[in-house]
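# Chain and residue survey
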Amino acid sequence: MTRPAETDLERLAALRLAAAAVPDPEIPVLTIEDLGILRDVRFAADGQPEVVLTPTYSGCPATEAIRSDVLARTGKLDPQARVVVELAPAWTTDWITDDGRTKLREYGIAPPRPTRTGPVPLQLGRRPEPVVQCPRCGSSDTELVSQFGSTPCKSLRRCRGCAEPFDEFKPL
Amino acid sequence: MTSPVSEQPGAAPANADVAAYAIRLGDDALILSHRLSEWTAHAPQIEEDLALANIALDLLGQARTLLAYGGAFSGRSEDDLAYLREERQFTNLQLTEIENGDFAVTMIRQLLFSCYQHELYRDLESSTDAQLAAIAAKAVKEVSYHVEHASTWVLRLGDGTELSHDRTQAALDAVWPYSHELFVDDELVRRMADSGVGPLPSVLRPAWLGAVQDVLTEATLVLPDDDWQPSGGRNGLHTEGFGYLLAEMQHLHRSHPGAQW
C-alpha cells in the first residue's frame, strides 16, 4: 500500500508533532516544546527537513540525549530529517510555556520567576528575597538553600511552612 | 566530552586569529572547570559539592562550544584540543590553573575569574563574530550565577570569624598577583579589538575592579598592593601544578585513544 503524497506543510507538521513530544530526560513531565527549546522545524537550503533545537545551559548533558531522541522519533517519519542546534538567541526560562509551568508545579518543582533583565546588580546581602511559592503546600514562606541543585537548571529551596525541601527552576 | 553537539553546520572562524582567540577563551573555561571538578566529594558541605560541580559543568559546556568552534578552523575536534595538546600548547590564563588551595583560595579565584568572565562575555555579546556573540550571550547568564555564588562565599568568609577572615585575606594576597594577567593586551587581542571581534582586556579592568572591590570591601578584606605580576599563560607558559592537572585530565584518553562511554 502506498501512502498518499504529503504536502510539504504536512511533512513538517508531522515532524514537529513527533519532535515536540520528546520528553526532557531530567524532568520527564516536560516535553521539549513545554521547555521552549524546540525552535523550529523547517526545510534547510538543501531541501532536507531539519529540527532546530537550542540548549538550555551550555553544559547541560540532556542536550545530547534530547538530540538523539528527536532523531530517533523523526527518523521513523523521515530518515532524511536532521537536528541542528542553534545558540542564538539564547534560551531563557521565560520561554517555558504556561502548560509547562503547571506541569512543573504539579511535579513538585517551583516554576521559574520572570528573568532579570539588563546587567545583574550585585547587591549581596541587601537584595530583597524573591517570593517563591512552595509547590507542595503553596506557602510563600520559603528560603534559598543553594543556587545550585541536582541539575544545572534548578536551585534548592526549603519551605518554612511545611518544612519540606523543593527544587526551583531557576530564572535564566 | 563524547559525541560533540554540533552547532550550525559550517560554523568555522573566519581566520586563524579568531580561531586562536576562541581557543584561548575555551582553554580558560576548560582548565578552571577541571580544577573545580577536583572539589567533587571534597567540598565543605554537600550543597557546595553540587554548586562547584554545577559551575564546573557550565564552564565545561562553554569550553566545548569555544574549542569546537576554534578547532573547526584547523580541523581539530574539541577532544583533540583538550586531550592531545601538550602543556606549552595550552593558552589559558595562569589564574585558571593555580591549585585549589583551601576553600578560601578557590572562592577568591572564582570571584576574580567570574567577574572577569562576566565583563568579557557582556562585551562579546556584541562581537562582530556571530558565533562568539551567540556563545557569550548564552554563557553570560550562567556566569552571573557564578559571580553571585562566589560573592556570597567571599562575604561570608571574609566577614565571618577571625580565622575565616584571616584565611580569606591570605587567599586574596596569594591569588591577587595572577589577576593582572587577565588584563594584558597582546598582538592577538589588539587585532581582535581592531576587527571588533573582542575587547582589549585592559579596557575591562575598571569595571572588573569596581565589582571585585565592592565585594572585598563589604567582606572587610584589604586589596593587596599590585606587586608581582606573573604572566605567560597565553604563550603557553604555565605553573608547576599545570602538568599534573593535564596528566590527570588527559590520562584516560591517551591510554585508550577514542574511548567512549
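For the structure, check the block above.
Residues numbered from 1 in each chain as written. Chains lettered and ligands numbered in written order. Predicted model: local features only at pLDDT ≥ 70, side-chain atom pairs only at ≥ 80, totals over all residues.

## Overview of the overall build of chain A
Looking only at helices and strands, one finds four helices and seven strands in chain A. In sequence order, the secondary structure elements of chain A are arranged as α-α-β-β-α-β-α-β-β-β-β. Within chain A, counting contacts between residues at least 6 apart in sequence, those at least 24 apart form 54% of the total. (Helix = DSSP H or I, 4+ residues; strand = E, 2+ residues; numbered from the N terminus. Contact = placed C-beta atoms within 7 Å.)

## Concerning the overall build of chain B
A tally of helices and strands in chain B yields ten helices and zero strands. Counting helices and strands in the order they occur from the N terminus, chain B gives α-α-α-α-α-α-α-α-α-α. Against the globule reference of 18 Å for 261 residues, chain B gives a C-alpha radius of gyration of 18 Å, in line with a compact fold. By principal-axis analysis of the C-alpha atoms, chain B measures approximately 55 × 45 × 30 Å. Within chain B, counting contacts between residues at least 6 apart in sequence, those at least 24 apart form 76% of the total. (Rg over C-alpha atoms; globule rule 2.2 N^0.38 Å.)

## Here's the deal with the sheet that holds strand β2 (residues 49–53) of chain A
Residues and elements named next belong to chain A. Ordered in space as β1-β2-β3, the three strands form an open sheet in which the pairing is mixed. Because the sheet does not close on itself, it has two edges, and the strands there are β1 (38–43) and β3 (82–85). Strand-to-strand twist of the sheet, defined as the mean angle between neighbouring strand axes without regard to direction, takes the value 25 degrees. Here five bridges tie β1 to β2, and the two strands are oriented antiparallel to one another. What sits directly across from Leu 38, in β2, is Leu 53. Here helix α3 (residues 62–77) sits on the sheet and contacts β2 and β3; the angle it forms with β2, its principal contact strand, is near 155 degrees. (Pairing = 2+ DSSP bridges. Axes fitted to C-alpha atoms, helices over the stretch in contact; angles between N-to-C directions.)

## Some points on the interface of chain B and chain A
The figure often quoted for interface size is the accessible area lost as the parts come together. Across the boundary between the two partners, chain B contributes 34 residues, which contact 26 residues of chain A. Listing elements by their share of the side of chain B that touches chain A, those giving two or more residues are α2 (46–72), α6 (130–158) and α9 (201–218) of chain B. Take the side of chain B that touches chain A: its biggest share by element is 14 residues, from α6(B). Taken together, the residues that form the side of chain B that touches chain A break down as 15 nonpolar, ten polar and nine charged. (Nonpolar A, V, L, I, M, F, W, Y, C, P; charged D, E, K, R; others polar.)

## Quick notes on the nonpolar core
Met107(B), Ile108(B), Leu111(B), Leu112(B) and Val154(B) are the most contacted members of the largest nonpolar core, which has 108 residues in total. Residue contributions to this core peak at 14 residues, all from α2(B). Split by domain, the residues of this core number at least three in each of domain 1 (8–91) and domain 2 (108–115 + 127–169) of chain A. Non-local contacts of Met107(B), meaning those with residues more than four positions away in its chain, are made with Ala150(B), Trp153(B), Val154(B) and Leu157(B). (Core = buried A, V, L, I, M, F, W, Y, C linked by C-beta atoms within 7 Å. Buried ≥ 20, exposed ≤ 12 C-beta atoms within 10 Å, placed from the backbone. Domains from an automatic or database assignment.)

## Quick look at the pairing of β2(A)
All names here are of chain A. Counted residue by residue, β2 has four buried out of five residues, so it is predominantly covered. Hairpin connection from β1 to β2: five residues lie between these consecutive antiparallel strands, with Gly 47 at a positive phi of about 90 degrees. Note: β2 against β3, four bridges, orientation parallel. Note that in β3 the partner of Val 52 across the bridge is Val 84. Considered for its hand, the β-α-β crossover made up of β2, α3 and β3 is right-handed. (Right-handed = clockwise from strand over helix to strand, strands pointing away.)

## Comments concerning the sheet that holds strand β4 (residues 109–110) of chain A
Residue and element names in this part refer to chain A. An order of β4-β7-β6-β5 is seen for the four strands of this open sheet, with the pairing classed as mixed. The open sheet has two edge strands, β4 and β5 (142–146), and neither has a second partner. With two bridges joining them, β4 and strand β7 (residues 165–169) adopt parallel strand pairing. Of the residues in β7, the one forming a bridge with Ile 109 is Asp 167.

## Quick notes on unusual backbone geometry
Across the junction of Ala88(A) and Pro89(A), the peptide omega takes the value -10 degrees, indicating a cis bond. Within the fold, Pro89(A) resides in the loop between β3 and α4 (98–107). Of note, Ala163(A) is a non-glycine position whose phi angle comes to about 65 degrees, a positive value. Residue classification places Ala163(A) among the exposed residues on the basis of 10 C-beta atoms within 10 Å. Phi angles above zero are rare outside glycine, and Thr220(B) is one such case at about 60 degrees. Mapped onto the elements, Thr220(B) comes out in the loop between α9 and α10 (240–255).

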